[in-house]
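What the coordinates show
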Amino acid sequence: MESITQLRKKCQSTRPSIYSDFLSKIYYKLSIYFTWCCIKLRMSANQVTVLSGLVAIAGGLMLSSDSKFIVLFGVICFHLFAILDMSDGEVARYRKQGGVSGHYLDWYMHFVSSSALVIGLFLASKGNFNSTLVLIIGLLAVVNPILDKSVQNAGWTVICWTRLRDIKNNSGLIDNNTKENEETEKFQRKSWIYRRLRFLLLSPLQDHWLPLILLILASIDLLFSIAGFEVLDYKFPLLIYIGIIGPAYLYNRVRRMVKTNALNSGYKRLVYPEVPLKFPEDDFL
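Cut-offs and rules
Residues numbered from 1 in each chain as written. Predicted model: local features only at pLDDT ≥ 70, side-chain atom pairs only at ≥ 80, totals over all residues. Heavy atoms only, no water. Bend = angle between axes of the 7 residues up to and from the residue. Helix = DSSP H or I, 4+ residues; strand = E, 2+ residues; numbered from the N terminus. Axes fitted to C-alpha atoms, helices over the stretch in contact; angles between N-to-C directions. Parallel < 35°, antiparallel > 145°, perpendicular 65-115°, else oblique. Left-handed = near helix turned anticlockwise from the far one by under 90°. Nonpolar A, V, L, I, M, F, W, Y, C, P; charged D, E, K, R; others polar. Core = buried A, V, L, I, M, F, W, Y, C linked by side-chain atoms within 4.5 Å. Buried < 20%, exposed > 50% of the residue type's maximum accessible area, 1.4 Å probe, protein only. Contact = heavy atoms within 4.5 Å. Phe/Tyr/Trp six-rings, centres within 6.5 Å; stacked < 30°, edge-to-face > 60°. Salt bridge = Lys/Arg side-chain N within 4 Å of Asp/Glu carboxyl O.

Notes on helix H6 (residues 132-169)
- A maximum bend of about 35 degrees is found in H6 at Asn144, where proline Pro145 lies one to four positions downstream.
- The first or second residue beyond H6 is Asn170, which carries a positive phi of 55 degrees.

A closer look at the packing of helix H3 (residues 45-63) against helix H4 (residues 68-95)
- Viewed as axis vectors pointing N to C, H3 and H4 meet at an angle of 170 degrees, and their least axial separation amounts to 8 Å. Taken together, the axis directions place H3 and H4 in an arrangement best described as roughly antiparallel. Once H3 is placed against H4, the crossing between them reads as left-handed.
- Across the contact of H3 with H4, the residue classes tally to 18 nonpolar, seven polar and one charged.

Let's talk about the nonpolar core
- Within the largest apolar cluster, 37 residues are counted, with the highest numbers of intra-cluster contacts made by Leu63, Leu117, Leu121, Leu214 and Leu239.
- Going through the elements one at a time, H3, H4, helix H5 (100-124), H6, helix H9 (210-226) and helix H10 (235-259) are the ones with two or more residues in this core.
- In this view, Leu63 contacts Val71, Val75, Phe78, Leu117, Gly120, Leu121, Ala124, Leu214 and Lys235; residues no more than four positions away in its chain are not counted.
- Of all hydrophobic cores here, the second largest spans 14 residues; its members include Met43, Ala45, Leu84 and Ala92.

What about the packing of aromatic side chains?
- All chains considered together, the criterion is met by seven aromatic pairs.
- Centroid distance Phe122 to Phe129: 4.8 Å. Interplanar angle 35 degrees. Geometry classified as tilted.
- Assessed through its relative accessible area of 18%, Phe129 is described here as buried.
- Taken together, a centroid distance of 6.2 Å and an interplanar angle of 65 degrees make the contact between Phe129 and Phe236 edge-to-face. Separated by 107 residues along the polypeptide, Phe129 in the loop between H5 and H6 and Phe236 in helix H10 bring together distant segments of the chain.
- An aromatic cluster of at least three residues, connected via ring pairs, comprises Phe22, Phe199 and Trp209.

Some points on the pattern of salt bridges
- Applying the stated rule across the entire model yields five salt bridges.
- Glu2 is the salt-bridge partner of Lys10, the closest N and O atoms lying 3.5 Å from each other.
- Overall, the relative accessible area of 39% leaves Lys10 in the partly exposed class.

Some points on unusual backbone geometry
- For Arg42, which is not glycine, the phi dihedral falls at a positive 60 degrees.
- Note on placement: Arg42 falls in the loop between helix H2 (22-40) and H3.

What follows is the structure in structure tokens.
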């Protein structure tokens, strides 16, 4: 069995990191140890992927618990999911098991994890649904992560189907990227304060950052409880925030996909060699 250093070289050297932020770097450092354990246990890459989904489901159930310790452990489960999400690819590279089916299963588990997290918040907040309006907002929060993932998923599905149609008809896509380039330049000209404020407002809607927010809040809640102080429940306000901001966020994403012609650009990057794909930026539209 190779050492951790040898495993890093074999399993991580060719991996394009989806994110370059500090949280992903932490996951990236830890994932190789889980990979080592999975290889030792003779697990396949797909088995690791399924395990990550089960861990996320368990985490969602724990979020609905009245015990602050169990809630904290449930939040940690979503960070374990992120680590295992990296480990499955590393196991695949070690065993040379990479393939389309593995990528499909891996992508599907992101739907499972995102949904499990918000459903956990919904179950934990069920005692606060004292009006129809509040219940509707809670339900909007539950469907938000599914629809958010669908924006990405539908984008590349349309691009691939369009390519298949064009091959059949021996035609090509009309270039119309002017609006997209203008929108991209406008966003790049936004101030640092605007971009950071936008990040803070939207981070609770991102399945990458929401577990970190919950980890901070759950840890503070537990520490205050041990010290004898009671703090306000954070799960219900967070759920309501997602339910209110989520629809506007999704509308803006879909509007931008259509208005800026991002799909046309994605088609060109996928099909034409003179417009090379750039990872990690082109991992998603």
